[in-house]
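Summary of structural features
Listed here are the chains, written in short residue letters.
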Amino acid sequence: MEESSSIGIRRYEELPTAKDFESLIEPTNVPAVFCGCTKGWKAFSHWNPSNGGLDYLQARVGSCMVEAMISQSAPVFYGNLGSHQRVPLPFSTFLEFCKKRMQMQTKHQQCLDHCPASQTHDDTQHAYLALEDVPEQIYLAQVSIMNSDRRENVQLETLREDIQMPPILVSKELSSINLWMNNAQARSSAHYDPHHNLLCIVSGCKQVVLWPPSASPSLYPMPIYGEASNHSSVTLKNPDYSIYPRAKCSMEFAQKVVLEAGDALFIPEGWFHQVDSDDLTIAINFWWRSNMMSCMLEHMDAYYLRRILRRLIDKEMDQLLLKLGMGTRICVCKMPNNGQADHADENYGQLLKGMDLKEKRLKERNTLLELEPAAVQVLHELVSLVHNSVSANQDGQSLSTSINDYELVGNDKCEKIVNADLKDDPVTKILWEITPQTLQDVFLAMAHNFPRTLEALVLHVLTPVGAEVLTRKFDEMDQQTLEEDRNRFYEVFYSAFDDQSAAMNSILEGKELFTQQAFKNVLDKFVGVNLES
């Protein structure tokens, strides 16, 4: 990933000041680990299951009702509603499950440490059977301790007395504080949150895998209109790469951190994260709105949406072109007679089967004799390709699909051609590899000597990818030439067409078709919406 060096997760052995966090860490939108963040909390010393913490919690809030997450896919817990149930449960009941699991694990370990080898197998089997009686598919996820928007949803408010507000958050307007607790190993599906998040480990251990928002395409986010739109569509166990081929490279963008008791992890909004929790892990998280989201005015949403989509589309267009690759130039023989116009007219006039050549303009800057050898070769290649394409179309065959044919072939054909390899689009390959100055010379020579060929190239041979590449070459050309020469070039170029508006519209329509495909790719990769399906 190009930005990987700038988005590496940093670990701080000491908690930064609120000022440093707000000015140096939070604005970067890059995760950070803060060691020892929770060690001063009352919860850190009083909630530890190995130190009587479960009894303490039972005495404090055991009578409270909590909402438990129950899933048959445990130890993996997916975010979509269809994969789990949320049921009310006395907190004391869950704590009893935790105690029973601790007792069985202790007994199992004692058997391994003290029993004779002949008895170990039987006792181990008995311990495993006992552990199976303890529900593993229950997970206390996002049990509310504080909620600024939904006060009625708060379930464990009393526990806030045991939690010290991290100094880096003292100036923040918190959205919520939540408890996360599991009695057995658990894994959450990859997802992102719409708020900044500080995940604090009170007891146990968590391993967190994080992906930046830019890695969304490899994680296949759920459709934006769905109830689990912030979750990945890719299953965590044995993903089907035939359905999710981009997921193969998802770990190339991932970073892993291990959080021990006392550590805290800043997870910026939009960062995908998958969390693995050890047995009896207890964590607290704080959510708050980012400054960016707080400053976004609602009446500007439509504008921000269009700007962000446009930026993603532009990036996708660049990636599509890079994906096509840059091969070596096609090698063909040179034009006969060193490229002299009289023989070329005669030869190509016969080859183009009736494509009339316009009267040559006198004193044109780039006659065939003045062309550099590289330009002569490119000219020959383009004329040959146009001839072959026109001949194939006249014979009822189709070697390529031009811009003007796309309304007939449909979206699937357009997508295949836009995403095809350059070897399947030799005209675009030539346009891609040629320098702007050489292209200018070639087009001037074509307008001067083979205007019908130039007209056929633009109107009948140029693909949407070719139109995009051509306009980019025109932009480069414009930057390298004076205004007078620039105007002269376009005057000569468009003079080759009987209908200059049709030529300009054909190029622009091709460019729009290419952009449209990039837009569809963006919707699929970042929004989870496939217009074709």
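Residues numbered from 1 in each chain as written. Predicted model: local features only at pLDDT ≥ 70, side-chain atom pairs only at ≥ 80, totals over all residues. Heavy atoms only, no water.

1. Here we look at the overall build of the chain
- What the chain contains, in helices and strands, is 18 helices and 14 strands.
- The buried share among the 533 residues of the chain stands at 48%.
- At a minimum sequence separation of 6, the contacts of the chain that also span at least 24 residues come to 82%.
- About 26,900 Å² of surface is accessible on the chain, with carbon and sulfur atoms providing 50% of the total. (Helix = DSSP H or I, 4+ residues; strand = E, 2+ residues; numbered from the N terminus. Buried < 20%, exposed > 50% of the residue type's maximum accessible area, 1.4 Å probe, protein only. Contact = heavy atoms within 4.5 Å. Areas by Shrake-Rupley, 256 points an atom, 1.4 Å probe, with all protein chains shown as cover.)

2. Describing the sheet that holds strand E13 (residues 272–277)
- If you trace the five strands from one edge of the open sheet to the other, you get E4-E8-E13-E10-E11, paired in mixed fashion. Pairing within the sheet leaves two strands with one partner each, and these edge strands are strand E4 (76–77) and strand E11 (255–260).
- Pairing of strand E8 (residues 186–188) with E13, which is carried by two bridges, proceeds in the antiparallel orientation. When the sheet's bridge partners are listed, Ala 186 is paired in E13 with Ser 277. (Pairing = 2+ DSSP bridges.)

3. Here's the deal with the sheet that holds strand E12 (residues 264–267)
- One open sheet holds the nine strands; their spatial order is E1-E2-E12-E9-E14-E7-E6-E3-E5, and the pairing between them is mixed. Each of the sheet's edge strands pairs with one partner strand only, and the pair in question is strand E1 (10–12) and strand E5 (85–90). Within the sheet, the average angular offset between the axes of one strand and its neighbour, ignoring direction, is 25°.
- Sitting on the sheet, helix H1 (residues 18–25) touches E1, strand E2 (32–34), E12 and strand E14 (281–288), and the angle it makes with E2 is about 165°. (Axes fitted to C-alpha atoms, helices over the stretch in contact; angles between N-to-C directions.)

4. Some words on the packing of aromatic side chains
- Throughout the structure, instances matching the rule amount to 20 aromatic pairs.
- Between Tyr 192 and Phe 272, the aromatic rings sit 5.2 Å apart at their centres with planes inclined by 75°, giving edge-to-face as the arrangement. Within this pair, whereas Tyr 192 is found in the loop between E8 and strand E9 (196–203), its partner Phe 272 is found in strand E13, the two being separated by 80 residues in sequence.
- Assessed through its relative accessible area of 1%, Phe 272 is described here as buried. (Phe/Tyr/Trp six-rings, centres within 6.5 Å; stacked < 30°, edge-to-face > 60°.)

5. Overview of the layout of surface pockets
- Of the pockets and cavities examined, the second largest pocket occupies roughly 1,200 Å³.
- Among the elements of the structure, strand E3 (65–70), strand E6 (138–147), strand E7 (174–182), E9, E13 and E14 are those that each provide at least two residues to the lining of the second largest pocket.
- Considering every element that reaches the lining of the second largest pocket, the biggest residue donor is E6, with six residues.
- Residue composition of the lining of the second largest pocket, grouped by class: 13 nonpolar, 20 polar and seven charged. (1 Å grid on protein atoms, 1.4 Å probe; cavity = no way out; pocket = protein on both sides within 12 Å on 5 of 7 lines; lining within 4 Å. Points joined across faces, edges and corners; volume = space filled by probe spheres on them. Nonpolar A, V, L, I, M, F, W, Y, C, P; charged D, E, K, R; others polar.)

6. Quick notes on the confidence of the model for the chain
- Put simply, the chain has an average pLDDT of 83, and 79% of its residues get 70 or more.
- Considering only residues more than four positions removed or in separate chains, one finds that residues 123–132, a stretch of pLDDT under 50, has eleven contacts.
- Across residues 326–365 the pLDDT falls below 50, and counting only partners more than four positions away or on other chains, this stretch makes 81 contacts in the model. (pLDDT = per-residue confidence, 0-100.)

7. Observations regarding the pattern of salt bridges
- Summed over the entire model, instances satisfying the criterion amount to 21 salt bridges.
- For the salt bridge of Glu 433 with Lys 429, the shortest nitrogen-to-oxygen distance reads 3.0 Å. You can see Glu 433 and its partner Lys 429 sitting in helix H13 (residues 426–433), four residues apart, about one turn around the helix.
- Residue Glu 433 is classed as buried on the basis of its relative accessible area of 17%.
- The exposure class assigned to Lys 429 is buried, which follows from its relative accessible area of 11%.
- Close ionic contact of Lys 511 with Glu 468 constitutes a salt bridge, the shortest N to O distance being 2.8 Å. Of the two residues, Lys 511 is situated in helix H18 (residues 500–527) and Glu 468 in helix H16 (residues 464–480); the sequence distance between them amounts to 43 residues.
- A residue is classified by how much of its surface remains accessible, and Lys 511, at 27% relative accessible area, is partly exposed. (Salt bridge = Lys/Arg side-chain N within 4 Å of Asp/Glu carboxyl O.)

8. Remarks on the nonpolar core
- Ranked by size, the top nonpolar core spans 52 residues in total, and within it Leu 379, Phe 443, Leu 454 and Phe 493 carry the most contacts.
- Elements that contribute at least two residues to this core include exactly helix H8 (301–324), helix H10 (373–394), H13, helix H14 (436–449), helix H15 (451–461), H16, helix H17 (483–495) and H18.
- Broken down by element, the residue count for this core peaks at eight residues, all from H10.
- Counting residues in hydrophobic clusters, the runner-up holds 44 residues, among them Tyr 12, Ile 25, Ile 145 and Leu 169. (Core = buried A, V, L, I, M, F, W, Y, C linked by side-chain atoms within 4.5 Å.)

9. Quick look at the side chain of Asp 263
- Along the chain, Asp 263 turns up in the loop between E11 and E12.
- Despite its burial, Asp 263 pairs with no opposite charge, the nearest such side chain being Arg 11 at 4.0 Å.
- If near-sequence neighbours (up to four positions away) are discounted, Asp 263 is found in contact with Arg 11, Phe 34, Cys 35, Gly 36, Thr 38, Leu 199, Cys 200, Ile 201 and Val 258. (Lys, Arg positive; Asp, Glu negative; His and termini not counted.)

10. Some points on the pairing of E9
- In terms of residue burial, E9 counts as a mostly covered element, since eight of its eight residues are buried.
- Relative to E14, E9 runs antiparallel, the two sharing seven bridges. Its bridge partner lying in E14, Ile 201 is registered against Ala 283.
- For E9 and E12, the ladder comprises four bridges, and the chain directions are antiparallel. Note on E12: the bridge partner recorded for Leu 198 is Phe 266.

11. Considerations on H8
- In this model H8 runs 34 Å from its N-terminal to its C-terminal C-alpha over 24 residues, within 8% of the 34 Å that 1.5 Å per residue would give.
- Those residues of H8 lying buried are Ile 313, Glu 316, Met 317, Leu 320, Leu 321 and Leu 324.
- Trailing H8 by a residue or two, Gly 325 shows a phi angle of about 85°, which is positive. (Expected span 1.5 Å × (residues − 1).)

12. Remarks on the packing of H14 against H17
- Two elements in contact, H14 and H17, have axes whose closest approach is 8 Å; the angle formed by their N-to-C orientations is 40°. When the interaxial angle is binned, H14 and H17 end up oblique. When you trace H14 past H17, the crossing you get is left-handed. Here Gln 440, Phe 443, Leu 444 and Ala 447 of H14 lie close against H17, whose contacting residues are Phe 489, Val 492 and Phe 493. (Parallel < 35°, antiparallel > 145°, perpendicular 65-115°, else oblique. Left-handed = near helix turned anticlockwise from the far one by under 90°.)

13. A word on the side chain of Thr 281
- Take Thr 281: it is sitting in strand E14.
- A polar atom in the side chain of Thr 281 sits 3.3 Å from the backbone nitrogen of Cys 205.
- Looking at Thr 281, its side chain comes within polar contact range of the main-chain oxygen of Asp 278, at 2.8 Å.
- Thr 281 has contacts with Trp 180, Met 181, Asn 182, Ser 203, Gly 204, Cys 205 and Lys 206, leaving out every residue within four places of it along the chain. (Polar contact = N/O pair within 3.5 Å; in protein donor to acceptor, adjacent residues only side chain to side chain.)

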